[in-house]
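Structural overview
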Amino acid sequence: MPVLDCVFGVVGYVLTGIAFFRLSKLAGREDIAWFAWVPILSAILQLRLIHKSGWWILMYLVPIANIVFAIIWQVKLLHAYGKHGAWVLFAIFLNIVYYIMWVVWAYSDNTKYQLR
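Note that the structure is a prediction, hence the values are computed from the model and not measured.

Observations concerning the overall build of the chain
Helix and strand counts for the chain stand at five helices and zero strands. N-terminal to C-terminal, the α/β element order of the chain is α-α-α-α-α. Here the C-alpha atoms of the chain give a radius of gyration of 14 Å, agreeing with the 13 Å that 2.2 N^0.38 yields for 116 residues. If you line up the chain on its principal axes, its C-alpha atoms span 45 × 35 × 30 Å. The 116 residues of the chain split such that 36% are buried. At a minimum sequence separation of 6, the contacts of the chain that also span at least 24 residues come to 50%. Summing over all exposed atoms, the chain offers an accessible surface of approximately 7,000 Å²; the carbon and sulfur share of this is 73%. Looking at charge distribution, the chain has the averaged site of its 9 positive side-chain charges lying 9 Å from that of its 4 negative ones.

Here's the deal with the UniProt feature "transmembrane region" (unreviewed entry) in the chain
The residues that UniProt annotates with the feature "transmembrane region" (unreviewed entry) are residues 6-23, 32-49, 55-75 and 87-107. Spanning residues 6-23, this segment combines 100% helix with 0% strand, and its end C-alpha atoms are found 26 Å apart. With 86% helix and 0% strand, the stretch residues 87-107 has end C-alpha atoms that lie 17 Å from each other.

Observations concerning the nonpolar core
The biggest cluster of nonpolar side chains holds 29 residues, and the ones touching the most others in it are F20, L45, L77, Y81 and W102. Residue assignment for this core shows that the elements contributing at least two residues are α1 (2-26), α2 (39-49), α3 (65-80), α4 (88-93) and α5 (95-106). Apart from residues no more than four positions distant in its own chain, L77 is found in contact with F20, Q46, L49, I50 and W102.

Topic: the environment of I18
Checked against the element boundaries, I18 lands in helix α1. A C-alpha to C-alpha distance of 25 Å links I18 and L58, two positions 40 residues apart in sequence. Contacts of I18, omitting those with residues within four sequence positions, involve W37, V103 and Y107.

Considering the pattern of salt bridges
Summed over all chains, the structure comprises one salt bridge. Measuring nitrogen to oxygen at the nearest pair gives 3.3 Å for the salt bridge that ties D31 to R29. Overall, the relative accessible area of 23% leaves R29 in the partly exposed class.

Focus: the packing of α3 against α5
Contact geometry for α3 and α5: axes closest at 12 Å, N-to-C directions at 25°. On the basis of the axis angle, α3 is roughly parallel to α5. With respect to the hand of their crossing, α3 and α5 are arranged in left-handed fashion. Together, Q74, L77 and L78 of α3 and Y98, W102 and W105 of α5 make up the contact between the two elements.

Brief notes about the packing of aromatic side chains
As enumerated under the stated definition, the model contains 13 aromatic pairs in all. A ring pair is formed by Y81 and W102, whose centres lie 6.1 Å apart and whose planes are at 85°; its orientation type is edge-to-face. Taken together, the residues span a long stretch of sequence, with Y81 in the loop between α3 and α4 and W102 in helix α5 at a distance of 21 residues. Neither residue differs from the other here; Y81 and W102 are each classed as buried.

Parameters and conventions
Each chain has its residues counted from 1, following the order in which its sequence is written. With the structure being a predicted model, the display of local features is reserved for residues of pLDDT at least 70 and the display and counting of side-chain atom pairs for 80 or more, all residues being used for whole-chain, interface and lining totals. Based on all heavy atoms of the structure, the side-chain values leave hydrogens and waters out of the count. Helix numbers and strand numbers start at the N terminus; a helix is a DSSP run of H or I with at least 4 residues, a strand a run of E with at least 2. Throughout, the radius of gyration refers to the C-alpha atoms, and the reference size of a globule is 2.2 Å times the residue count to the power 0.38. The cut-offs for exposure are 20% and 50% of the maximum accessible area for each residue type, with area from a 1.4 Å probe on protein chains only; residues under the lower value are buried, those over the upper are exposed, and the others partly exposed. Any two residues having at least one pair of non-hydrogen atoms within 4.5 Å are treated as being in contact. Accessible surface area values rest on a Shrake-Rupley calculation with a 1.4 Å probe, where residue burial reflects the displayed protein chains alone. All tallies of charge rest on Lys and Arg as positive and Asp and Glu as negative; His and the ends of each chain are not included. To locate a charge, the coordinates of NZ of Lys, CZ of Arg, CG of Asp or CD of Glu are taken. UniProt positions are given in the numbering used here, feature names are shortened, and annotations may be inferred rather than shown by experiment. Nonpolar cores were defined as sets of buried Ala, Val, Leu, Ile, Met, Phe, Trp, Tyr and Cys residues, with membership established by side-chain atoms within 4.5 Å. A pairing counts as a salt bridge when a side-chain nitrogen of Lys or Arg comes within 4 Å of a carboxyl oxygen of Asp or Glu. Axis definition: a line fitted to C-alpha atoms, over the contacting stretch in the case of helices. Angles run 0 to 180 degrees between N-to-C directions. Relative orientations are named as follows: roughly parallel for angles under 35 degrees, roughly antiparallel for angles over 145 degrees, roughly perpendicular for angles from 65 to 115 degrees, and oblique for any other angle. Handedness of each helix crossing follows the sense of rotation of the near helix against the far helix: counterclockwise by less than a right angle gives left-handed, clockwise gives right-handed. Pairing of aromatic rings covers Phe, Tyr and the six-membered ring of Trp, with a centre-to-centre limit of 6.5 Å; geometry is then stacked below 30 degrees between planes, edge-to-face above 60, and tilted otherwise.

This is the structure in structure tokens:
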């Protein structure tokens, strides 16, 4: 099933690219919106959207702490767009649903960036 894994990987990549490109524009960060399409820069974009330095990406190199910080960052990102932090459970257990939800939120009129 390596082909199926590849297909799911590409679908996840495209979904997150679409979502975070749109959401960064919604946050007024058109200057770095293209970061959504570059793998490492996409994580830096998400950190910049919650007003953290891009250097925080180095926390991904620390075992165990990387999982904790990734969850905290996602909860803060959800709050930045007015969403409940419990949605992060989808990121943990049903990853593809989490990506789809970000795309839905990116194109929803109800989604507003709240960290000005």
